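# Coordinates in review
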Amino acid sequence: PQELKRALPGSTLLIDCAEPRHAQNALSAQSCIVASAQIGAHLRVLTRDGDQARAQIAQALRDAGIEARVETTEPNLEDVFVAVTHAGSAPAGHAEHAA
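Quantities reported herein were computed from a predicted structural model and do not represent experimental measurements.

Definitions and limits used
Residues numbered from 1 in each chain as written. Predicted model: local features only at pLDDT ≥ 70, side-chain atom pairs only at ≥ 80, totals over all residues. Heavy atoms only, no water. Core = buried A, V, L, I, M, F, W, Y, C linked by side-chain atoms within 4.5 Å. Buried < 20%, exposed > 50% of the residue type's maximum accessible area, 1.4 Å probe, protein only. Helix = DSSP H or I, 4+ residues; strand = E, 2+ residues; numbered from the N terminus. Contact = heavy atoms within 4.5 Å. Salt bridge = Lys/Arg side-chain N within 4 Å of Asp/Glu carboxyl O.

## Considerations on the nonpolar core
- In terms of nonpolar packing, the biggest core is built from 16 residues, with Ile15, Leu27, Val45, Ile57 and Leu61 touching the most fellow members.
- Every element with two or more residues in this core is listed here: strand 1 (12-17), strand 3 (42-47) and helix 3 (50-63).
- Setting aside residues no more than four positions away along its own chain, Leu27 makes contact with Ile15, Ile33, Leu43, Ile57, Ala60 and Leu61.
- Counting 5 residues, the second largest nonpolar core, distinct from the first, contains Val34, Leu46, Val82 and Ala83.

The following block contains the structure:
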């Protein structure tokens with residue numbers, strides 16, 4: 001499992017904000033996003049472009065007037081599954097998974 005996690009392209013981000021559903025909607029058009037899911041009070045986002053995506057997502061949230069903390073987090077096996085199943089499928093921002 002650790003090898004699979006390390007082989008993931010891009011990064012996994014955890015977004016902490018007051019309204020994660022609103023943040024998810026605001027990020028729906030971002031091409032760097034593979035998938036996103038609300039996990040409790042957080043939004044978990046799987047991206048294609050690592051640190052560049054983190055900056056792009058943080059800026060998109062600011063542009064939408066959403067105050068949020070965007071942090072890189074360790075990928076889990078669900079992230080690996082999502083990355084494999086979404087490779088080359090739905091346009092970015094339209095792929096979501098639920099936890």
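Here the narrative resumes, following the displayed structure.
## Notes on the environment of Asp51
- Along the chain, Asp51 turns up in helix 3.
- By relative accessible area, Asp51 is classed as exposed at 61%.
- Spatially, the C-alpha atom of Asp51 lies 9.7 Å from that of Leu13, the residues being 38 residues apart in sequence.

## Here's the deal with the pattern of salt bridges
- Going through the model one piece at a time under the given rule, you end up with 2 salt bridges.
- Ionic pairing is found between Asp16 and Arg69, a salt bridge with its closest N-O pair at 3.1 Å. In this pair, Asp16 is assigned in strand 1 and Arg69 in strand 4 (residues 68-73), connecting sequence segments 53 residues apart.
- Look at Asp16 and you get partly exposed, because its relative accessible area is 27%.
- Residue class for Arg69 comes out partly exposed when judged on its relative accessible area of 45%.
- A salt bridge links Glu71 to Arg69; its shortest N-O distance comes to 2.8 Å.
- Given the relative accessible area of 35%, Glu71 is considered partly exposed.
- Linked through salt bridges whose partners overlap, the residues forming this network are Asp16, Arg69 and Glu71.

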